[in-house]
Amino acid sequence: MRLYAQTPARRNRQVLVDLTAVALIAVAVWAAFFVRDTIMLLAEPGQKIESSGDGLAEELGNAGDAASNVPFVGDVLEKPLRSAADASTGFADAGASHQETVAQVADVAATALVVVLVLFILVLWLFPRLLWIRSSMTVRRLADAPGGADLLALRALVGPSAALVKLPTPPGGFADAWRRGDQETIAALSTVALAHAGLRR
């Protein structure tokens, strides 16, 4: 199995396309992490709420402890302070929940972006590469089979005519020479068919 063409021009194009695909995949991954980091900025208010709630709950808890030591009215003073501390803890929990939700959204968005972009790149890049590999294997097997040169010559005759213009036209034309079994013409045409597939003899 050949991964790259044997002809320099086609091989260079394949290498360039491969490098471009790898670069685009790297950019897609970078873009996904950039989007994730941008979404995570929305978690900052939740961090502030959590921090403020924890701090307020701690202060109110300390105040409740101090109030409980006041003679006669300590219990009366402690209860509202404890209730306020519990409410502050609720604020802190809400801030933590907000951060968790934002993180989940950021992870899902980044993962979806990576999957979609990478699949798109793979479809545009990998599928044609696999088709070329399969086609090149078929052409190579055909060339190595008995009578393969004749079939490749026929393939060149029915293919693009631009490559035939560069060949010296035999007496009676290429088709007539192929029908007569002119080995020189058949060899030249089969070489053209191989070159069209990016292969050499």
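Note that the coordinates shown come from a computational prediction; the quantities given were computed from them, not determined experimentally. (Residues numbered from 1 in each chain as written. Predicted model: local features only at pLDDT ≥ 70, side-chain atom pairs only at ≥ 80, totals over all residues. Heavy atoms only, no water.)

A. How the structure looks around the overall build of the protein. Of the regular secondary structure elements, the protein holds seven helices and zero strands. Ordered by position from N to C terminus, the α and β elements of the protein give α-α-α-α-α-α-α. For the protein, the proportion of its 201 residues judged to be buried stands at 28%. Considering only contacts in the protein between residues 6 or more positions apart, those separated by 24 or more positions represent 70%. Accessible surface, the protein: about 12800 Å² in total, of which carbon and sulfur atoms supply 67%. (Helix = DSSP H or I, 4+ residues; strand = E, 2+ residues; numbered from the N terminus. Buried < 20%, exposed > 50% of the residue type's maximum accessible area, 1.4 Å probe, protein only. Contact = heavy atoms within 4.5 Å. Areas by Shrake-Rupley, 256 points an atom, 1.4 Å probe, with all protein chains shown as cover.)

B. Examining helix 1 (residues 8-40) more closely. Here helix 1 contains 33 residues, and its C-alpha end-to-end distance of 48 Å stays within 8% of the 48 Å for a straight helix at 1.5 Å per residue. Among all positions in helix 1, only Gln-14, Asp-18, Ala-21, Ala-28, Ala-32 and Ile-39 are buried. (Expected span 1.5 Å × (residues − 1).)

C. Quick peek at the nonpolar core. In terms of nonpolar packing, the biggest core is built from 14 residues, with Val-139, Leu-167 and Leu-189 touching the most fellow members. Per-element tally for this core: the top contributor is helix 7 (residues 183-196), with five residues. Those residues in contact with Val-139 that sit more than four places away from it in its chain are Leu-152, Arg-155, Leu-194, Ala-197 and Leu-199. (Core = buried A, V, L, I, M, F, W, Y, C linked by side-chain atoms within 4.5 Å.)

D. Structural view of helix 7. For helix 7, built from 14 residues, the straight-helix expectation of 20 Å at 1.5 Å per residue is met to within 8% by its first-to-last C-alpha distance of 20 Å. Of the residues making up helix 7, those classed as buried are Thr-185, Ile-186, Leu-189, Ser-190, Val-192, Ala-193 and Leu-194.

E. Just the layout of surface pockets, in detail. Here the largest pocket defines a volume of roughly 250 Å³. Of all the secondary structure elements, the ones that give two or more residues to the lining of the largest pocket are helix 3 (74-144), helix 4 (148-158) and helix 7. Here the lining of the largest pocket is composed, by residue class, of nine nonpolar, four polar and two charged. (1 Å grid on protein atoms, 1.4 Å probe; cavity = no way out; pocket = protein on both sides within 12 Å on 5 of 7 lines; lining within 4 Å. Points joined across faces, edges and corners; volume = space filled by probe spheres on them. Nonpolar A, V, L, I, M, F, W, Y, C, P; charged D, E, K, R; others polar.)

F. Highlighting the packing of helix 4 against helix 7. At a minimum axis separation of 7 Å, helix 4 and helix 7 run at an interaxial angle of 70 degrees. Taken as axis vectors, helix 4 and helix 7 run roughly perpendicular relative to one another. The two elements helix 4 and helix 7 cross, and the hand of that crossing is left-handed. For the pair formed by helix 4 and helix 7, the contact residues are Ala-149, Asp-150, Leu-152, Ala-153, Ala-156 and Leu-157 on the first element and Ile-186, Leu-189, Ser-190, Val-192, Ala-193 and Leu-194 on the second. In the contact of helix 4 with helix 7, the residues fall into ten nonpolar, one polar and one charged. (Axes fitted to C-alpha atoms, helices over the stretch in contact; angles between N-to-C directions. Parallel < 35°, antiparallel > 145°, perpendicular 65-115°, else oblique. Left-handed = near helix turned anticlockwise from the far one by under 90°.)

G. Just the confidence of the model for the protein, in detail. When pLDDT is averaged along the protein, the result is 78, and 77% of the positions lie at 70 or above. The spread of mean pLDDT over the elements of the protein runs between helix 2 (residues 44-67), the lowest at 63, and helix 1, the highest at 90. (pLDDT = per-residue confidence, 0-100.)

H. Region of the structure containing the packing of aromatic side chains. According to the stated counting rule, one finds one aromatic pair in the structure shown. Positioned over the ring face of Tyr-4 is Arg-129, at 4.9 Å from the centre of the ring. (Phe/Tyr/Trp six-rings, centres within 6.5 Å; stacked < 30°, edge-to-face > 60°. Lys NZ or Arg CZ within 6 Å of the ring centre and 35° of its normal.)

I. Up close: the pattern of salt bridges. Summed over the entire model, instances satisfying the criterion amount to two salt bridges. With a shortest N-O distance of 3.2 Å, Asp-18 and Arg-129 are connected by a salt bridge. Highlighted residues: Asp-18 in helix 1 and Arg-129 in helix 3, separated in sequence by 111 residues. Judged by its relative accessible area of 8%, Asp-18 is buried. For Arg-129, a relative accessible area of 11% corresponds to the buried category. (Salt bridge = Lys/Arg side-chain N within 4 Å of Asp/Glu carboxyl O.)

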